[in-house]
Amino acid sequence: MPRMEPFATSIFGEMSTIAAETGAINLGQGFPDTDGPDEIKMVARAAIAEGKGNQYPPVHGLPDLRAAIAEHQERFYGLRVDPATDVVVTTGASEAIQSALLALCDTGDEVVVFEPWFDIYAVGIALANATRVSVPLRPPAFRPDIDALRAAITDRTRLLLLNTPHNPTGVVFTPEELQAIADLAIERDLIVISDEAYEHLWYDGHPHVPIATLPGMAERTVTIGSAGKSFSFTGWKVGWATGPTDLIRAVRAVRQHLSFVSGGPFQYAIAHALRMPDSYFEDFRHGLQEQRDILTSGLRELGFHAVESEGTYFLTTDLGPLSDYPDALTAARELPHRAGVVAIPLQVFCDHAGVGERALRWAYCKRPEVLREALGRLTALA
Ligand SMILES: *Cc1c(COP(=O)(O)O)cnc(C)c1O
């Protein structure tokens, strides 16, 4: 199918292959090199041993996990959702996003998304036969441009696909930015899909605010979460969507025919995880914040201009000592050969010229010694 051809290869596949060939440290991959808490693993092990979840779990998710997701939304954000009708468990946040796109837009509908976007958004919009309309997060700070957003909305716009904390830039949208986006969504009667995979990964002074908490937004927003990101078990692929009954019913209708169900025993473990005390969530953030600080200050010392990462696993810089290369893609392809480190060029996640051509994404969800080793290698660029 021609419209899917562009997605046959991905930058992550290409850069991971180069990393393997060159023995480079892969700061391109967005997953932690340390697993989440043992107590969560123990619940999964016990579930398998006790025969819980080894056969198909209930189609929209284990009732106790749906209850735990609803409790989590209320505990952290004051959002009330009915676990019976307003929650669906998915195969990672990825399946939640793709089923929401397939369920909520029709051929020719326009989906507005901030760029650089997370790569699967482009795929999901194409699968739904909808049209992607990108609005730049403007470098060097990568803040959302509300005037550009307003200008991008047309009579064909159906849906706004939002992501905060934002991958790849590391920006966390402020309450003021979210309010301006919400005002437009209400004025133009748009549905919002809010990808909040990094909801627990925001750093001091930049708390995450779900857009569904703003007045008039809960009834038009599908909010998406990821246990992989919140508990450092990205291989388990447990995610969810919550929202108003009508939108979740539509998402369920599609999703049940994609993977049907997944992750039986892991669903028990994530129900436990979501109910862990605040100290877990705080320690997790603080640990990642330290890793962020190591990589940020190290890259700055090496001459990269780093945008402060307010959340996620990622940090965005300019090309720094690689500025002689014509663009970020060329620089990223050379970097493993020159310094034994992999980073991801942001331009492959952009439709507009001038947004990502001079920007690299570095993952700091790696052990401090790995980050220090990478920084040591990068001194070769001096
Ligand atoms: C990792 C990621 C996802 C996918 O999460 P899974 O739970 O692994 O499917 C979705 N959105 C963003 C922004 C991510 O970084």
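Residues numbered from 1 in each chain as written. Predicted model: local features only at pLDDT ≥ 70, side-chain atom pairs only at ≥ 80, totals over all residues. Heavy atoms only, no water.

With that out of the way, let us pick up the sheet that holds strand β13 (residues 344-345). Taken together, the four strands give an open sheet; going across it, the order is β10-β11-β14-β13, and neighbouring strands pair in antiparallel fashion. Because the sheet does not close on itself, it has two edges, and the strands there are β10 (306-307) and β13. (Pairing = 2+ DSSP bridges. Helix = DSSP H or I, 4+ residues; strand = E, 2+ residues; numbered from the N terminus.)

This brings us to the packing of aromatic side chains. Tallied over the entire structure, the rule returns 17 aromatic pairs. An angle of 80° between the planes, with centres 5.6 Å apart, marks the rings of F114 and F173 as edge-to-face. With F114 in strand β3 (residues 110-115) and F173 in the loop between β6 (157-163) and α7 (175-187), the pair connects residues that are 59 residues apart, well separated along the chain. The pair F114 / F173 is uniform in exposure class, with both members buried. When the centroid spacing of 5.6 Å and the interplanar angle of 25° are considered together, the rings of F231 and Y280 count as stacked. With F231 in helix α8 (residues 227-231) and Y280 in helix α11 (residues 278-301), the pair connects residues that are 49 residues apart, well separated along the chain. In textbook terms, an aromatic cluster arises when at least three aromatic residues are bridged by ring pairs, as seen for F76, Y77, F231, Y280, F281 and F284. The cationic tip of R285 hangs over the ring face of W202; the distance from NZ or CZ to the ring centre is 3.8 Å. The positively charged end of R361 is found above the aromatic ring belonging to F314, 3.5 Å away from the centroid. (Phe/Tyr/Trp six-rings, centres within 6.5 Å; stacked < 30°, edge-to-face > 60°. Buried < 20%, exposed > 50% of the residue type's maximum accessible area, 1.4 Å probe, protein only. Lys NZ or Arg CZ within 6 Å of the ring centre and 35° of its normal.)

Below, the discussion takes up the site of the ligand. By nearness alone, 13 residues border the ligand, and S94, D195, Y198, K229 and K237 come closest of all. Within the contact set of the ligand, an oxygen atom lies 2.8 Å away from a backbone nitrogen or oxygen of A93. Within the side chain of K237, a nitrogen or oxygen atom sits 2.7 Å from an oxygen atom of the ligand. Against a free-state accessible area of 380 Å², the protein chains account for coverage of 93% of the ligand. Per-element tally for the shell around the ligand: the top contributor is helix α4 (residues 92-104), with four residues. (Near = heavy atom within 4 Å. Polar contact = N/O pair within 3.5 Å; in protein donor to acceptor, adjacent residues only side chain to side chain. Areas by Shrake-Rupley, 256 points an atom, 1.4 Å probe, with all protein chains shown as cover.)

Without other data, these values stay purely geometric and don't point to any function.
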